[in-house]
Amino acid sequence: MLRRDFVGSSILGLAGLSLSSFSLLPSEFSKEDLMGKSDPPLYGDGHKLRKEAHEAFLKMKTEAAKSGFKIKVVSSYRNYAHQNRIWERKYKKFTAEGLSPMKAIQKIVEYSTIPGTSRHHWGTDLDIVDGNAPQPKGLLLAENFEGNGPFCKFKEWMDKHANSFGFYLVYTEKENRKGFKYEPWHYSYAPLSIPMLKAYKKLDVKTELQKVKLLGSDFFTETFINQYITENIFDINPQLL
């Protein structure tokens, strides 16, 4: 499979979507909503998404099935506590393997977010694979979506159709993109996640990260925090900005 940037039509031109999709203004999202500390209404069987994202996902899932793909959700909404469990597990693992605290943190943020900064807190994002394909031991590996990987054909289908349902790849393989590594499995429902990201930009993320008490957070230097905000949070698919 050819590796290429995830490019599609503009959001306002998406089939089945309208300007009403953007009715939620940034002011309607609280800090708690954006940092995974609220209890938003979520929908889904085997996944948890906000209502509009859930409905769009079901439509996409139905269309994918017509082409022989069974969209399997590996991860969707995660609250702050859930993200913190992931953080602590990885921090303990990497430091136990001999990495220094800062090296462990840098290793974690290759793929995982600091609690309170995850897009999965929003109920708009999904990690997905094809449930009809052979399931390798490591599901979420880029190699599974390329070449002769089990999810290659599914990725080709998503490249062609996902945008029409409002879903966009977040962490592309665009040259010179920084922050989180390429994730061909992570999609975001743009009509909701775009205004949520705009609201997130209004938060004082730097202060929030400086005051958190996480494993290893004593090693969050100002340089690290500034770089994390610029590269990991905001250096994403430009169609989601």
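See above for the structure.
Residues numbered from 1 in each chain as written. Predicted model: local features only at pLDDT ≥ 70, side-chain atom pairs only at ≥ 80, totals over all residues. Heavy atoms only, no water.

### Let's talk about the packing of helix H3 (residues 80-96) against helix H4 (residues 101-108)
- Taken N-terminus to C-terminus, the directions of H3 and H4 make an angle of 130°; their axes are 9 Å apart at the nearest point. Between H3 and H4, the interaxial angle falls into the category oblique. Crossing of H3 over H4 shows right-handed handedness. Contact residues: Trp87, Lys90, Tyr91, Phe94 and Thr95 in H3; Pro101, Ala104, Ile105, Lys107 and Ile108 in H4. (Axes fitted to C-alpha atoms, helices over the stretch in contact; angles between N-to-C directions. Helix = DSSP H or I, 4+ residues; strand = E, 2+ residues; numbered from the N terminus. Parallel < 35°, antiparallel > 145°, perpendicular 65-115°, else oblique. Left-handed = near helix turned anticlockwise from the far one by under 90°. Contact = heavy atoms within 4.5 Å.)

### Considering the nonpolar core
- Ranked by internal contacts, the top residues of the largest apolar core, which has 35 residues, are Trp87, Ile114, Phe220, Phe224 and Tyr228.
- For this core, the elements supplying multiple residues, two or more each, are H3, H4, helix H6 (190-201), helix H7 (205-211) and helix H8 (222-233).
- For this core, the leading source of residues is H6, giving six residues.
- Those residues in contact with Phe224, other than ones at most four positions away along the chain, are Met102, Ile105, Val109 and Ile114.
- Counting residues in hydrophobic clusters, the runner-up holds 22 residues, among them Leu49, Phe57, Met60 and Met158. (Core = buried A, V, L, I, M, F, W, Y, C linked by side-chain atoms within 4.5 Å. Buried < 20%, exposed > 50% of the residue type's maximum accessible area, 1.4 Å probe, protein only.)

### A word on the layout of surface pockets
- Reported here for the largest pocket is a volume of approximately 680 Å³.
- Within the residue set of the lining of the largest pocket, elements represented by two or more residues are strand S1 (71-75), H3 and H4.
- At seven residues, the largest contribution of residues to the lining of the largest pocket is made by H3.
- Each residue belonging to the lining of the largest pocket can be placed in one class, and the counts come to ten nonpolar, nine polar and nine charged. (1 Å grid on protein atoms, 1.4 Å probe; cavity = no way out; pocket = protein on both sides within 12 Å on 5 of 7 lines; lining within 4 Å. Points joined across faces, edges and corners; volume = space filled by probe spheres on them. Nonpolar A, V, L, I, M, F, W, Y, C, P; charged D, E, K, R; others polar.)

### Considering the side chain of Arg50
- Relative to the helices and strands, Arg50 resides in the loop between helix H1 (31-34) and helix H2 (51-66).
- It turns out Arg50 is buried and unbridged, and the closest side chain with the opposite charge, Asp33, is 4.3 Å from it.
- Only 2.6 Å separates the side chain of Arg50 from the backbone oxygen of Trp122, close enough to count as a polar contact.
- Ignoring sequence-local partners within four residues, the contact set of Arg50 consists of Asp33, Pro40, Pro41, Leu42, Tyr43, Trp122, Gly123, Leu192 and Met196. (Lys, Arg positive; Asp, Glu negative; His and termini not counted. Salt bridge = Lys/Arg side-chain N within 4 Å of Asp/Glu carboxyl O. Polar contact = N/O pair within 3.5 Å; in protein donor to acceptor, adjacent residues only side chain to side chain.)

### A few points about the sheet that holds strand S2 (residues 125-130)
- Reading across from one edge, S1-S2-S4-S3 is the order of the four strands in this open sheet, with antiparallel pairing throughout. Among the strands making up the open sheet, the edge pair consists of S1 and strand S3 (167-169). Ignoring which end each strand starts from, the neighbouring axes of this sheet average 45° apart.
- Where S1 lies against S2, four bridges are found, and the strand directions are antiparallel. (Pairing = 2+ DSSP bridges.)

### Side note on the environment of Gln83
- Relative to the elements of secondary structure, Gln83 occurs in helix H3.
- By relative accessible area, Gln83 is classed as buried at 1%.
- Counting along the chain gives 38 residues from Gln83 to His121, while the straight-line C-alpha distance between them is 8.5 Å.
- With residues near it in sequence (within four places) discarded, Gln83 still touches Arg78, Thr113, Ile114, Pro115, Ser118 and His121.

### Topic: empty space enclosed by the protein
- Applying the stated criterion across every chain, the model contains two cavities of 30 Å³ or more.
- Taken as a whole, the largest cavity holds about 70 Å³ of empty space.
- Among the elements of the structure, H6 and H8 are those that each provide at least two residues to the lining of the largest cavity.
- Top contributing element to the lining of the largest cavity by residue count: H8, with three residues.
- The space that makes up the second largest cavity amounts to roughly 40 Å³.

### Focus: the pattern of salt bridges
- This structure, assessed with the given rule, holds eleven salt bridges.
- Across the pair Lys93 and Glu97 runs a salt bridge, and its minimum N-O distance is 2.8 Å.
- On the accessibility criterion, Lys93 (43% relative accessible area) is partly exposed.
- Close ionic contact of Lys181 with Glu110 constitutes a salt bridge, the shortest N to O distance being 3.6 Å. One end of the pair, Lys181, is in the loop between S3 and strand S4 (186-189); the other, Glu110, is in the loop between H4 and S2, and 71 residues separate them in sequence.
- Salt bridges sharing common partners tie together Lys31, Glu208 and Lys211.

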